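Fold and contact review
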Amino acid sequence: QVQPVESGGGSVQAGASLRLTCAPSTYTLSWRCMGWFHQAPGKERDGIAGIYTSGGTTYYSDSAKDRFTISHNLGKNEVYLHMTNLKPEDTGMYYCATAPPDQCSGLWARDFTSWGQGTQVTVSS
């Protein structure tokens, strides 16, 4: 199956900003939970942000809530993760996936499906 495509990653210095984009092509965003996940090298995948697309309710991990913002554009069928003040610990792969709306707030990877290929973010000090 065609997976959502993540883009926008890159190599940046600490303190920089990036905007990641998730673009699913086989389903529309309406009435879904969409989540962003971070996987550092050698670590498990951690949920960092989620959004319920019909209503706009957002959810964040403690580590993400002060610096990252999740948003979406239904007309473009895209979900975004705006990341500011990036730190070396933000380095890793970033993935987006979808979940039933009632599983959105927990940001547990096991609740999400249809994972993309990911986009790499590298932050140097």
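Relevant structure appears above.
All residue numbers refer to position in the chain's written sequence, counted from 1. Per-residue local features of the predicted model are confined to residues with pLDDT of at least 70, and side-chain atom pairs are confined, for both listing and counting, to 80 or more; whole-chain, interface and lining totals are unaffected and use all residues. As a convention, hydrogens and water are excluded, and side-chain values are obtained from all of the structure's heavy atoms.

**Side note on the side chain of D111**
Stated precisely, the cut-off is as follows: Helix and strand assignments come from DSSP, with helices taken as H or I runs of at least 4 residues and strands as E runs of at least 2, each series counted from the N terminus. Throughout this description, buried means an accessible area under 20% of the type-specific maximum (1.4 Å probe, protein chains only), exposed means over 50%, and partly exposed covers the range between. Counting rule for charge: Lys and Arg are taken as positive, Asp and Glu as negative, and neither His nor the chain ends is counted. For this analysis, a salt bridge means a side-chain nitrogen from Lys or Arg found within 4 Å of a carboxyl oxygen belonging to Asp or Glu. What makes two residues a contact is simply this: any of their non-hydrogen atoms within 4.5 Å.
By secondary structure assignment, the location of D111 is in the loop between β9 (92-99) and β10 (119-124). Despite being buried, D111 has no salt bridge partner; R110 is the closest side chain of opposite charge, sitting 4.4 Å away. Not counting chain neighbours up to four residues away, the residues in contact with D111 comprise T98, A99, P100 and Q103.

**Some thoughts on the environment of V5**
Locating V5 in the fold gives a position in strand β1 (residues 5-7). Along the sequence, V5 and F37 sit 32 residues apart, while their C-alpha atoms lie 14 Å from each other. For V5, the residues in contact, after removing those within four places along its chain, are T21, C22 and A23.

**Brief notes about the state of the cysteines**
As a reminder, the rule being used: Note on terminology: disulfide denotes any pair of cysteine sulfur atoms within 2.5 Å.
By the definition in use, this model includes 2 disulfides. Covalently, C22 is tied to C96 through a disulfide, its sulfur atoms 2.0 Å apart. Disulfide C22 to C96: torsion about the S-S bond roughly 65°, handedness right-handed. Here C22 is found in strand β3 (residues 18-23), whereas its partner C96 is found in strand β9, with 74 residues between them in sequence. For the pair shown, C22 and C96 are each scored as buried.

**Quick look at the pairing of β3**
Our working definition: By this definition, two strands are paired if DSSP reports at least two bridges between them.
Where β1 meets β3, 3 bridges bridge the pair, whose relative direction is antiparallel. Each bridged residue has a counterpart across the sheet, and for V5 the counterpart in β3 is A23. Taken together, the 5 bridges between β3 and strand β8 (residues 78-83) define a ladder with antiparallel strand orientation. Paired with R19 across the two strands is H82, which belongs to β8.

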